[in-house]
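A structural walkthrough
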Amino acid sequence: MKKIVIAGGSGFLGNILVQHFAQKNYQVVVLTRSHQLDQRHVRYVKWDAKTTGAWTAELEHTEVLINLTGKSVDCRYTAQNKQQIYNSRLDATYVLGQVVDTLTTPPKLWINAASATIYRHALDREMDEETGEIGEGFSVDVCQKWERAFHQTKAIHTRKVALRIGIVLGRTGGALIPLKNLSRIGIGGKQGQGNQFFSWIHEKDFVGIVDHVIYHERLVGTYNVTSPSPVPNYEVMSALRRVLKVPFGLPMPTWLLTLGAVIIRTEPELILKSRRVVPKKLLASGYSFHFDRIELALTDLI
(Lines give C-alpha, C1' and ligand atoms only; values in the text may rest on other atoms or scores of the structure.)
Protein backbone atom coordinates (compact mmCIF):
# COMPACT_ATOMS: atom_id res chain seq x y z
CA MET A 1 0.00 0.00 0.00
CA LYS A 2 1.20 3.49 -0.80
CA LYS A 3 1.71 5.64 2.28
CA ILE A 4 0.67 9.26 2.81
CA VAL A 5 1.70 11.19 5.92
CA ILE A 6 -0.53 14.12 6.90
CA ALA A 7 0.95 16.44 9.51
CA GLY A 8 -1.72 18.38 11.37
CA GLY A 9 -4.33 16.07 9.89
CA SER A 10 -6.86 16.17 12.72
CA GLY A 11 -8.66 19.34 11.66
CA PHE A 12 -11.37 20.07 9.09
CA LEU A 13 -9.15 19.88 5.99
CA GLY A 14 -7.10 17.03 7.38
CA ASN A 15 -10.16 14.90 8.03
CA ILE A 16 -11.37 15.44 4.47
CA LEU A 17 -8.05 14.20 3.11
CA VAL A 18 -7.80 11.31 5.57
CA GLN A 19 -11.21 9.97 4.54
CA HIS A 20 -10.43 10.44 0.85
CA PHE A 21 -7.12 8.59 0.87
CA ALA A 22 -8.29 5.87 3.24
CA GLN A 23 -11.15 5.12 0.84
CA LYS A 24 -8.60 4.84 -1.95
CA ASN A 25 -6.74 2.20 0.09
CA TYR A 26 -3.72 4.29 0.91
CA GLN A 27 -1.95 3.74 4.20
CA VAL A 28 -2.57 7.08 5.95
CA VAL A 29 -0.43 8.24 8.85
CA VAL A 30 -1.60 11.34 10.72
CA LEU A 31 0.90 13.29 12.79
CA THR A 32 -1.09 14.87 15.61
CA ARG A 33 -0.65 16.37 19.05
CA SER A 34 -3.87 14.79 20.28
CA HIS A 35 -4.54 11.15 21.12
CA GLN A 36 -6.81 9.35 18.66
CA LEU A 37 -7.65 5.73 18.01
CA ASP A 38 -6.42 4.13 14.81
CA GLN A 39 -8.94 3.33 12.08
CA ARG A 40 -8.91 1.09 9.03
CA HIS A 41 -6.00 2.27 6.87
CA VAL A 42 -5.38 5.21 9.25
CA ARG A 43 -2.79 5.42 12.04
CA TYR A 44 -2.39 8.37 14.41
CA VAL A 45 1.15 9.15 15.58
CA LYS A 46 2.00 11.68 18.30
CA TRP A 47 4.37 14.56 17.62
CA ASP A 48 4.86 18.03 19.09
CA ALA A 49 5.23 19.73 15.68
CA LYS A 50 8.56 21.29 16.57
CA THR A 51 11.12 18.65 17.58
CA THR A 52 12.27 15.33 16.16
CA GLY A 53 11.20 12.05 17.72
CA ALA A 54 9.99 8.55 16.94
CA TRP A 55 7.56 9.99 14.39
CA THR A 56 10.43 10.73 11.98
CA ALA A 57 10.57 7.05 10.93
CA GLU A 58 7.07 7.41 9.46
CA LEU A 59 8.42 9.62 6.67
CA GLU A 60 10.63 6.89 5.21
CA HIS A 61 9.27 5.30 2.00
CA THR A 62 6.39 7.79 1.85
CA GLU A 63 4.72 8.73 -1.40
CA VAL A 64 3.38 12.05 -0.16
CA LEU A 65 3.90 14.28 2.87
CA ILE A 66 1.13 16.84 3.40
CA ASN A 67 1.65 19.52 6.03
CA LEU A 68 -1.47 21.33 7.28
CA THR A 69 -0.10 22.25 10.71
CA GLY A 70 -1.05 25.65 12.11
CA LYS A 71 -3.11 27.27 14.84
CA SER A 72 -6.44 28.53 13.52
CA VAL A 73 -6.51 32.24 12.63
CA ASP A 74 -10.13 32.35 13.82
CA CYS A 75 -9.18 34.09 17.07
CA ARG A 76 -8.39 37.53 18.46
CA TYR A 77 -4.97 38.70 17.35
CA THR A 78 -3.51 39.11 20.82
CA ALA A 79 0.27 39.03 21.23
CA GLN A 80 0.06 35.46 22.55
CA ASN A 81 -2.19 34.23 19.75
CA LYS A 82 -0.05 35.92 17.10
CA GLN A 83 3.06 34.17 18.40
CA GLN A 84 1.26 30.82 18.42
CA ILE A 85 0.06 31.38 14.86
CA TYR A 86 3.65 32.06 13.76
CA ASN A 87 5.27 29.28 15.79
CA SER A 88 2.80 26.54 14.91
CA ARG A 89 3.39 27.06 11.19
CA LEU A 90 7.09 27.83 11.13
CA ASP A 91 8.24 25.25 13.70
CA ALA A 92 6.42 22.40 11.97
CA THR A 93 7.67 23.38 8.53
CA TYR A 94 11.28 23.72 9.70
CA VAL A 95 11.37 20.41 11.58
CA LEU A 96 9.78 18.54 8.67
CA GLY A 97 12.41 20.01 6.37
CA GLN A 98 15.21 18.96 8.70
CA VAL A 99 13.91 15.40 8.85
CA VAL A 100 13.25 15.05 5.12
CA ASP A 101 16.88 16.02 4.46
CA THR A 102 18.16 13.16 6.65
CA LEU A 103 16.01 10.33 5.30
CA THR A 104 17.37 7.45 3.23
CA THR A 105 14.16 7.27 1.19
CA PRO A 106 12.42 10.64 1.61
CA PRO A 107 8.86 11.44 0.44
CA LYS A 108 8.53 11.76 -3.32
CA LEU A 109 6.28 14.80 -2.87
CA TRP A 110 5.83 17.36 -0.10
CA ILE A 111 2.67 19.47 -0.22
CA ASN A 112 2.66 22.36 2.24
CA ALA A 113 -0.39 24.41 3.11
CA ALA A 114 -0.26 28.16 2.54
CA SER A 115 -2.96 30.82 2.38
CA ALA A 116 -4.64 32.88 -0.32
CA THR A 117 -4.78 35.77 2.14
CA ILE A 118 -1.17 36.54 1.20
CA TYR A 119 -2.50 38.90 -1.50
CA ARG A 120 -3.57 42.48 -0.86
CA HIS A 121 -7.13 43.60 -0.26
CA ALA A 122 -8.35 43.59 -3.86
CA LEU A 123 -11.54 45.08 -5.23
CA ASP A 124 -10.10 46.24 -8.53
CA ARG A 125 -8.68 43.12 -10.15
CA GLU A 126 -7.98 39.41 -9.80
CA MET A 127 -4.85 38.12 -8.07
CA ASP A 128 -3.04 35.18 -9.68
CA GLU A 129 0.31 33.57 -8.88
CA GLU A 130 2.21 35.58 -11.48
CA THR A 131 0.81 39.12 -11.25
CA GLY A 132 -0.89 39.09 -7.84
CA GLU A 133 0.31 41.77 -5.42
CA ILE A 134 1.37 40.76 -1.92
CA GLY A 135 -0.40 42.64 0.85
CA GLU A 136 0.69 44.06 4.20
CA GLY A 137 -0.05 43.44 7.86
CA PHE A 138 0.09 40.56 10.30
CA SER A 139 -1.78 37.93 8.28
CA VAL A 140 0.28 38.58 5.17
CA ASP A 141 3.51 38.48 7.17
CA VAL A 142 2.54 35.06 8.52
CA CYS A 143 1.89 33.82 4.98
CA GLN A 144 5.20 35.14 3.67
CA LYS A 145 7.29 33.66 6.48
CA TRP A 146 5.44 30.35 6.23
CA GLU A 147 6.12 30.05 2.50
CA ARG A 148 9.72 31.18 2.95
CA ALA A 149 10.27 28.49 5.58
CA PHE A 150 8.93 25.88 3.16
CA HIS A 151 10.82 26.98 0.07
CA GLN A 152 14.11 27.41 1.96
CA THR A 153 14.21 23.74 2.99
CA LYS A 154 16.58 21.80 0.74
CA ALA A 155 14.69 18.51 0.25
CA ILE A 156 16.65 18.01 -2.97
CA HIS A 157 15.15 14.58 -3.64
CA THR A 158 11.56 15.65 -2.95
CA ARG A 159 9.19 17.54 -5.24
CA LYS A 160 7.67 20.49 -3.36
CA VAL A 161 4.34 22.25 -3.88
CA ALA A 162 2.81 25.05 -1.77
CA LEU A 163 -0.97 25.47 -1.94
CA ARG A 164 -2.38 28.94 -1.26
CA ILE A 165 -5.75 27.75 -0.04
CA GLY A 166 -8.84 29.95 -0.11
CA ILE A 167 -11.96 29.51 2.00
CA VAL A 168 -12.93 25.84 1.80
CA LEU A 169 -16.67 25.19 1.83
CA GLY A 170 -17.59 21.83 3.34
CA ARG A 171 -20.37 19.94 5.04
CA THR A 172 -18.72 19.29 8.39
CA GLY A 173 -16.59 22.36 9.06
CA GLY A 174 -15.16 25.61 7.78
CA ALA A 175 -16.89 28.90 7.00
CA LEU A 176 -20.13 27.54 5.58
CA ILE A 177 -21.59 26.41 8.91
CA PRO A 178 -21.64 29.85 10.61
CA LEU A 179 -22.85 31.49 7.39
CA LYS A 180 -25.76 29.03 7.22
CA ASN A 181 -26.61 29.67 10.86
CA LEU A 182 -26.69 33.44 10.32
CA SER A 183 -28.93 33.06 7.27
CA ARG A 184 -31.37 30.78 9.02
CA ILE A 185 -32.00 33.29 11.82
CA GLY A 186 -32.59 36.13 9.38
CA ILE A 187 -29.28 38.03 9.47
CA GLY A 188 -27.84 36.57 6.28
CA GLY A 189 -27.61 39.82 4.36
CA LYS A 190 -24.45 41.45 3.10
CA GLN A 191 -21.63 41.84 5.60
CA GLY A 192 -19.93 45.21 5.79
CA GLN A 193 -20.19 46.98 2.44
CA GLY A 194 -20.74 43.60 0.80
CA ASN A 195 -18.44 44.35 -2.14
CA GLN A 196 -15.44 42.49 -0.69
CA PHE A 197 -14.60 39.42 -2.75
CA PHE A 198 -14.91 35.90 -1.38
CA SER A 199 -12.34 33.42 -2.73
CA TRP A 200 -13.85 30.03 -2.08
CA ILE A 201 -13.43 26.39 -3.07
CA HIS A 202 -15.69 23.36 -2.68
CA GLU A 203 -14.23 20.59 -0.52
CA LYS A 204 -14.45 18.17 -3.46
CA ASP A 205 -12.24 20.44 -5.55
CA PHE A 206 -9.81 20.87 -2.66
CA VAL A 207 -9.34 17.11 -2.59
CA GLY A 208 -9.32 16.95 -6.38
CA ILE A 209 -6.51 19.49 -6.55
CA VAL A 210 -4.41 17.55 -4.05
CA ASP A 211 -4.91 14.45 -6.24
CA HIS A 212 -4.05 16.49 -9.34
CA VAL A 213 -0.79 17.65 -7.79
CA ILE A 214 0.10 14.11 -6.74
CA TYR A 215 -0.46 12.55 -10.15
CA HIS A 216 1.05 15.32 -12.30
CA GLU A 217 4.71 15.09 -11.46
CA ARG A 218 5.68 18.17 -13.46
CA LEU A 219 3.86 20.45 -11.01
CA VAL A 220 6.18 22.29 -8.62
CA GLY A 221 6.13 25.65 -6.85
CA THR A 222 3.16 27.67 -5.61
CA TYR A 223 -0.48 27.32 -6.68
CA ASN A 224 -3.65 29.20 -5.75
CA VAL A 225 -6.33 26.79 -4.53
CA THR A 226 -9.56 28.68 -5.13
CA SER A 227 -12.49 28.53 -7.49
CA PRO A 228 -11.90 30.44 -10.75
CA SER A 229 -14.96 32.57 -9.85
CA PRO A 230 -14.48 34.68 -6.72
CA VAL A 231 -17.69 36.58 -5.93
CA PRO A 232 -18.61 39.62 -3.82
CA ASN A 233 -19.89 38.96 -0.32
CA TYR A 234 -23.41 40.17 -1.14
CA GLU A 235 -23.64 37.57 -3.95
CA VAL A 236 -22.49 34.79 -1.61
CA MET A 237 -25.13 35.66 0.95
CA SER A 238 -27.83 36.07 -1.68
CA ALA A 239 -27.03 32.66 -3.19
CA LEU A 240 -27.00 31.10 0.27
CA ARG A 241 -30.44 32.51 1.08
CA ARG A 242 -31.83 31.16 -2.20
CA VAL A 243 -30.46 27.68 -1.55
CA LEU A 244 -31.76 27.72 2.04
CA LYS A 245 -35.09 29.20 0.87
CA VAL A 246 -34.78 32.05 3.36
CA PRO A 247 -36.80 35.01 2.01
CA PHE A 248 -34.77 37.84 3.53
CA GLY A 249 -31.54 38.60 5.31
CA LEU A 250 -30.73 41.65 7.40
CA PRO A 251 -27.35 43.19 6.57
CA MET A 252 -24.57 43.42 9.14
CA PRO A 253 -22.81 46.82 8.91
CA THR A 254 -19.09 47.11 9.56
CA TRP A 255 -19.51 48.55 13.05
CA LEU A 256 -21.73 45.64 14.09
CA LEU A 257 -19.34 43.07 12.61
CA THR A 258 -16.47 44.69 14.49
CA LEU A 259 -18.40 44.57 17.75
CA GLY A 260 -19.53 41.01 17.12
CA ALA A 261 -15.96 39.91 16.38
CA VAL A 262 -14.89 41.13 19.80
CA ILE A 263 -17.74 39.24 21.46
CA ILE A 264 -17.02 35.92 19.71
CA ARG A 265 -13.26 36.45 19.99
CA THR A 266 -12.30 36.61 16.34
CA GLU A 267 -11.10 39.27 13.87
CA PRO A 268 -13.35 41.24 11.46
CA GLU A 269 -10.60 40.98 8.81
CA LEU A 270 -11.65 37.38 8.22
CA ILE A 271 -14.93 38.66 6.75
CA LEU A 272 -14.08 42.16 5.53
CA LYS A 273 -10.86 41.57 3.59
CA SER A 274 -11.44 41.34 -0.15
CA ARG A 275 -9.80 38.19 -1.49
CA ARG A 276 -10.09 38.18 -5.28
CA VAL A 277 -7.82 35.23 -5.95
CA VAL A 278 -7.86 33.00 -9.06
CA PRO A 279 -6.12 29.67 -9.83
CA LYS A 280 -4.34 30.62 -13.06
CA LYS A 281 -1.60 27.99 -12.77
CA LEU A 282 -3.99 25.17 -11.89
CA LEU A 283 -6.17 25.92 -14.90
CA ALA A 284 -3.09 26.05 -17.13
CA SER A 285 -2.02 22.66 -15.75
CA GLY A 286 -5.28 21.10 -16.93
CA TYR A 287 -7.28 20.90 -13.70
CA SER A 288 -11.03 20.92 -14.35
CA PHE A 289 -13.19 22.21 -11.50
CA HIS A 290 -16.23 20.25 -10.35
CA PHE A 291 -17.78 23.43 -8.89
CA ASP A 292 -16.88 26.76 -10.47
CA ARG A 293 -20.00 28.70 -9.49
CA ILE A 294 -20.96 29.54 -5.92
CA GLU A 295 -24.64 28.58 -6.18
CA LEU A 296 -23.77 25.16 -7.60
CA ALA A 297 -21.37 24.56 -4.72
CA LEU A 298 -23.85 25.68 -2.07
CA THR A 299 -26.65 23.59 -3.60
CA ASP A 300 -24.43 20.51 -3.43
CA LEU A 301 -23.32 21.10 0.15
CA ILE A 302 -26.63 22.04 1.77
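Everything here concerns the structure above.
None of the values given here were measured: they were computed from a predicted structure. (Residues numbered from 1 in each chain as written. Predicted model: local features only at pLDDT ≥ 70, side-chain atom pairs only at ≥ 80, totals over all residues. Heavy atoms only, no water.)

**Points about the packing of helix α6 (residues 233–244) against helix α10 (residues 294–301)**
- The contact between α6 and α10 brings their axes to 9 Å, and the two run at 40 degrees. Relative to α10, the element α6 lies oblique. Helix-helix and strand crossings are classified by hand; for α6 and α10 the assignment is right-handed. The residues of α10 that touch α6, namely those facing Val236, Ala239, Leu240, Arg242 and Val243, are Ile294, Glu295, Leu298 and Thr299.
- Its residues assigned to classes, the contact of α6 with α10 comprises six nonpolar, one polar and two charged. (Axes fitted to C-alpha atoms, helices over the stretch in contact; angles between N-to-C directions. Helix = DSSP H or I, 4+ residues; strand = E, 2+ residues; numbered from the N terminus. Parallel < 35°, antiparallel > 145°, perpendicular 65-115°, else oblique. Left-handed = near helix turned anticlockwise from the far one by under 90°. Contact = heavy atoms within 4.5 Å. Nonpolar A, V, L, I, M, F, W, Y, C, P; charged D, E, K, R; others polar.)

**Brief notes about the nonpolar core**
- Formed by 45 residues in total, the largest nonpolar core has its most connected members in Leu17, Phe21, Ile66, Ile111, Leu163, Phe206 and Val210.
- In this view, Leu163 contacts Ile111, Asn112, Ala113, Ala114, Ser115, Val210, Val213, Tyr223 and Val225; residues no more than four positions away in its chain are not counted. (Core = buried A, V, L, I, M, F, W, Y, C linked by side-chain atoms within 4.5 Å. Buried < 20%, exposed > 50% of the residue type's maximum accessible area, 1.4 Å probe, protein only.)

**Quick notes on the pairing of strand β6 (residues 159–165)**
- Most of β6 sits inside the fold, with seven of its seven residues counted as buried.
- Across seven bridges, the pairing between strand β5 (residues 109–115) and β6 is parallel. Bridge pairing links Ala114 to Arg164 in β6.
- One crossover worth recording links β5 to the parallel β6 by way of helix α3 (residues 138–152), and it is right-handed.
- The pairing of β6 with strand β10 (residues 221–225) spans five bridges and is classified as parallel. Residue pairing across strands places Ala162 opposite Thr222, the latter belonging to β10. (Pairing = 2+ DSSP bridges. Right-handed = clockwise from strand over helix to strand, strands pointing away.)

**Some remarks on the pairing of strand β2 (residues 27–32)**
- Of all six residues making up β2, five are buried, and the element is well covered by its neighbours.
- The pairing of strand β1 (residues 3–7) with β2 spans five bridges and is parallel. Residue pairing in the sheet places Lys3 in a bridge with Gln27 of β2.
- Each parallel crossover has a hand, and the one from β1 via helix α1 (residues 12–23) to β2 is right-handed.
- By the bridge criterion, five bridges tie β2 to strand β3 (residues 42–46) in an arrangement that is parallel. Counterpart to Leu31 in the pairing with β3 is Val45.

**Some thoughts on the side chain of Asn233**
- Assignment of secondary structure puts Asn233 in helix α6.
- Discounting residues that sit within four places of it in the chain, Asn233 has contacts with Lys190, Gln191, Gly194 and Gln196.

**Some details on the state of the cysteines**
- Evaluated as defined, the whole model comprises zero disulfides.
- Between Cys75, a cysteine without a disulfide, and Cys143, which holds the nearest cysteine sulfur, the sulfur-to-sulfur distance is 14 Å.
- Judged by relative accessible area, Cys75 falls into the buried class, the value being 7%.
- Under the relative-accessibility criterion, Cys143 is labelled buried at 3%. (Disulfide = S-S within 2.5 Å.)

**Quick look at α10**
- Where α10 is concerned, the buried positions are Ile294, Ala297, Leu298 and Leu301. Across the axial projection of α10, the buried residues extend over an arc of 95 degrees, all falling on one side.
- The elements touched by buried residues of α10 are β7 (167–169), α4 (176–184), β9 (200–202), α5 (203–215), β11 (231–232) and α6. (Arc of directions from axis to C-beta.)

**As for the environment of Gly166**
- Tracing the sequence through the fold places Gly166 in the loop between β6 and β7.
- For Gly166 and Val225, which are 59 residues apart along the polypeptide, the C-alpha to C-alpha distance reads 6.0 Å.
- Look past the residues within four positions of Gly166 in its chain and what remains in contact with it is Ala116, Ser199, Val225 and Thr226.

**A short note on the pattern of salt bridges**
- With the rule as written, the count across this model stands at 14 salt bridges.
- Close ionic contact of Arg76 with Glu267 constitutes a salt bridge, the shortest N to O distance being 3.7 Å. Here the residue Arg76 occupies a position in the loop between β4 (64–67) and α2 (79–100), and Glu267 occupies one in the loop between α7 (254–263) and α8 (269–272), the gap between them amounting to 191 residues.
- Given a relative accessible area of 22%, Arg76 falls into the partly exposed group.
- Salt-bridge contacts for Arg120 lead to Glu133; the nearest nitrogen and oxygen are separated by 2.8 Å. Pair noted here: Arg120 is in the loop between β5 and α3 and Glu133 is in the loop between β5 and α3, with a separation of 13 residues, a long-range link. (Salt bridge = Lys/Arg side-chain N within 4 Å of Asp/Glu carboxyl O.)

Purely spatial values, then, with no claim about function.
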